[in-house]
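# Reading the structure
Chain by chain, the residues run as shown.
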Amino acid sequence: MNPILSQLTVVIPTYNRQEFLHRQISFWGATDCHVEILDGSEKAWGNSSVVKYPNISYNHLPVNIESRLRFVIDKIDTKYAVLLSDDEFYSISALQTCIRELETASDLVACKGVAIGFRYAGGEVIGSVLYPHLRGYKIEHDNPFDRIIEHMSFYQMATLWSVMKVDSFKRCLMAISSGPYSSAAVGEIAYSLTAAWLGKCKVIDELMWFRSFENKNIWNSFGHLSVEDWYTNEKFRNEVDRFLSATVAAVQVDQTTIPRLENKFEEALRTYISHIELSKRPSSKSILGKVRSFLSGSTHNRSYDINELLFRFRRAGTVVDEESCVVIIESIRNFYQISVDQASI
């Protein structure tokens, strides 16, 4: 048994995409991680292969994602936990590195590696760089009031989909589970504010997250509004108040601190909205800067054969776990080859 991975629970929500569970079970069944699959589909998955793996628990819960996340809180008994989408992957080596980081730093609650996107086209796995500003991202103020403003001022998706200490992870799930909201993206903000209040966060320069572009985002389909439109429309003020109350409740402060913290969380929310509005403005990057970026081989917003992209990451100094990458790429290819074979029968 891997003593590091056996301390980790991977929580995988899924909804009407049960075919993708085959490759998740195959991938995680070969590890010592504990896995909780939360299936919100109307009908239970009829595949019995999951019973082959004692480390994987399949839960059929035909309710919204907030209720499913609330359900799993009491099932997790490992020291660390991480959320994962049903069509995505994590590098095993990066998960272990994150756990080691969390073990050695008492004030660190969340750790994450860098990301690439992937899709399958023309019989090949195609990769692209995602979230380039994640690299080197840290939330490191000692004061929690300062941390939440710091996180929202230069927001990156550094806490959601990160490896977390389990108490902090459960509190983040508590914050999310107060939904649904008319803007599904509010769940991400609730999670991120809670995590930043509870402790520090860092992103390591190791490839961890293989983010899928094979499917539409299910979570966002249940609340199309942007956070900005949701917050500024008085029609949703009751939802905003519920969001603030639930997020404050999740961090479990004393009663005298609650009003002050609700105000601070709302200030952080406004800070996030200002950051998003600023990021939508035309880039101020100079023409010369763009030329230098091109000449230096920048891969942002470009697609590559997955192996070429991994080579570029290694050349740039990012740690890439070869073994995990091979397994992940083969899992993706096999998934589509099986689909083709079944369609031809």
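Keep in mind the model is a prediction, meaning the values are calculated, not measured.

It is worth spelling out the overall build of the chain at this point. Of the regular secondary structure elements, the chain holds 12 helices and 11 strands. Here the C-alpha radius of gyration of the chain, 20 Å, is about what a compact globule of 345 residues would show, namely 20 Å. Its C-alpha atoms give the chain principal-axis dimensions of roughly 65 × 55 × 40 Å. Looking at the chain as a whole, 54% of its 345 residues qualify as buried. When contacts within the chain are restricted to residue pairs at least 6 apart in sequence, long-range pairs at least 24 apart make up 77% of them. Taken as a whole, the chain presents about 16000 Å² of accessible surface, with 52% of it coming from carbon and sulfur. Where the 37 positive side-chain charges of the chain centre and where its 41 negative ones centre are 4 Å apart.

A separate point is the pattern of salt bridges. What the rule picks out here adds up to 17 salt bridges. Here glutamate 308 makes a salt bridge to arginine 312, at a shortest N to O gap of 3.5 Å. On the criterion of helical spacing, the pair formed by glutamate 308 and arginine 312 is a turn pair, its members being 4 residues apart in helix α11 (residues 306–315). The class for glutamate 308 is partly exposed, based on a relative accessible area of 36%. If you follow the salt bridges from partner to partner, you end up with Arg17, Asp86 and Asp87 in one network.

On to the confidence of the model for the chain. For any part of a model where pLDDT is low, the fine detail of the predicted coordinates should not be relied upon. Within the chain, residue pLDDT values average 90, and 91% of them lie at 70 or more. Here residues 286–299 is modelled with pLDDT under 50, and outside its nearest four sequence neighbours on either side it reaches 9 contacts, counting other chains as well.

Counting 114 residues, the largest nonpolar core has Trp28, Val163, Trp230 and Phe243 as its most contacted members. Sequence-distant contacts of phenylalanine 243, that is, excluding residues within four places in its chain, are made with Tyr181, Val186, Ile189, Ala190, Leu193, Trp230 and Leu269.

We now examine the environment of leucine 309. Locating leucine 309 in the fold gives a position in helix α11. Spatially, the C-alpha atom of leucine 309 lies 8.1 Å from that of valine 129, the residues being 180 residues apart in sequence.

As a further point, take the side chain of serine 212. As for its position among the elements, serine 212 is in strand β10 (residues 200–212). One polar contact links serine 212 to glutamate 214, side chain to side chain, over a distance of 2.5 Å. With near-sequence residues (within four places) excluded, serine 212 lies in contact with Asp87, Glu88 and Phe118.

For the rest of this paragraph, the subject is the environment of serine 177. Structurally, serine 177 is set in the loop between α5 (166–176) and α6 (186–198). Under the relative-accessibility criterion, serine 177 is labelled buried at 7%. Put simply, serine 177 and glutamine 156 are 21 residues apart on the chain and 22 Å apart in space, counted from C-alpha to C-alpha. Once residues within four sequence positions are removed from consideration, serine 177 is found in contact with Glu66 and Arg70.

Our focus in this paragraph is the environment of valine 10. With respect to the helices and strands, valine 10 occurs in strand β1 (residues 8–14). Sequence-wise, valine 10 and valine 163 are 153 residues apart; in three dimensions their C-alpha atoms are separated by 9.1 Å.

The next point concerns the pairing of β1. Among the 7 residues that make up β1, 7 are buried, leaving the element largely enclosed by the rest of the structure. Side chains Leu8, Val10, Ile12 and Thr14 project from β1 onto one buried face, and the interleaved Thr9, Val11 and Pro13 project onto a second face that is buried too. As paired elements, β1 and strand β4 (residues 80–83) share 4 bridges and run parallel to each other. Bridge pairing in β4 links valine 10 to valine 82. Relative to strand β2 (residues 34–39), β1 runs parallel, the two being bridged by 6 bridges. Bridged to isoleucine 12 within β2 is isoleucine 37. For the crossover from β1 across helix α1 (residues 21–28) to β2, the handedness is right-handed.

The contact between helix α4 (residues 144–153) and helix α9 (residues 258–279) brings their axes to 8 Å, and the two run at 20°. Accordingly, the angle class assigned to the pair α4 and α9 is roughly parallel. α4 and α9 meet at a crossing whose hand is right-handed. Along its contact with α4, which presents Phe145, Ile148, Ile149, Met152 and Ser153, the element α9 presents Arg260, Leu261, Lys264, Phe265, Glu267, Ala268, Thr271, Tyr272 and His275.

With that settled, the discussion passes to the packing of aromatic side chains. Within a pair of aromatic rings, the relevant descriptors are the distance that separates the centres and the angle that separates the planes. Per the stated rule, a full pass over the model turns up 15 aromatic pairs. Summarising the aromatic geometry, the rings of tyrosine 155 and tyrosine 272 are spaced 5.3 Å apart at their centres and angled 85° between planes, so their arrangement reads as edge-to-face. Taken as a pair, tyrosine 155 in the loop between α4 and β9 (163–165) and tyrosine 272 in helix α9 lie far apart in primary sequence, 117 residues in all. Neither residue differs from the other here; tyrosine 155 and tyrosine 272 are each classed as buried. Between the aromatic rings of tryptophan 197 and phenylalanine 265, the centroid separation amounts to 6.2 Å while the plane-to-plane angle is 85°, which identifies the pairing as edge-to-face. One end of the pair, tryptophan 197, is in helix α6; the other, phenylalanine 265, is in helix α9, with 68 residues separating them in the sequence. Tryptophan 197 sits in the buried class, given a relative accessible area of 11%. Taken together, the ring pairs connect Phe20, Tyr120, Phe335 and Tyr336 into an aromatic cluster.

The rules behind these values
- Residues numbered from 1 in each chain as written.
- Predicted model: local features only at pLDDT ≥ 70, side-chain atom pairs only at ≥ 80, totals over all residues.
- Heavy atoms only, no water.
- Helix = DSSP H or I, 4+ residues; strand = E, 2+ residues; numbered from the N terminus.
- Rg over C-alpha atoms; globule rule 2.2 N^0.38 Å.
- Buried < 20%, exposed > 50% of the residue type's maximum accessible area, 1.4 Å probe, protein only.
- Contact = heavy atoms within 4.5 Å.
- Areas by Shrake-Rupley, 256 points an atom, 1.4 Å probe, with all protein chains shown as cover.
- Lys, Arg positive; Asp, Glu negative; His and termini not counted.
- Charge placed at Lys NZ, Arg CZ, Asp CG, Glu CD.
- Salt bridge = Lys/Arg side-chain N within 4 Å of Asp/Glu carboxyl O.
- pLDDT = per-residue confidence, 0-100.
- Core = buried A, V, L, I, M, F, W, Y, C linked by side-chain atoms within 4.5 Å.
- Polar contact = N/O pair within 3.5 Å; in protein donor to acceptor, adjacent residues only side chain to side chain.
- Pairing = 2+ DSSP bridges.
- Right-handed = clockwise from strand over helix to strand, strands pointing away.
- Axes fitted to C-alpha atoms, helices over the stretch in contact; angles between N-to-C directions.
- Parallel < 35°, antiparallel > 145°, perpendicular 65-115°, else oblique.
- Left-handed = near helix turned anticlockwise from the far one by under 90°.
- Phe/Tyr/Trp six-rings, centres within 6.5 Å; stacked < 30°, edge-to-face > 60°.

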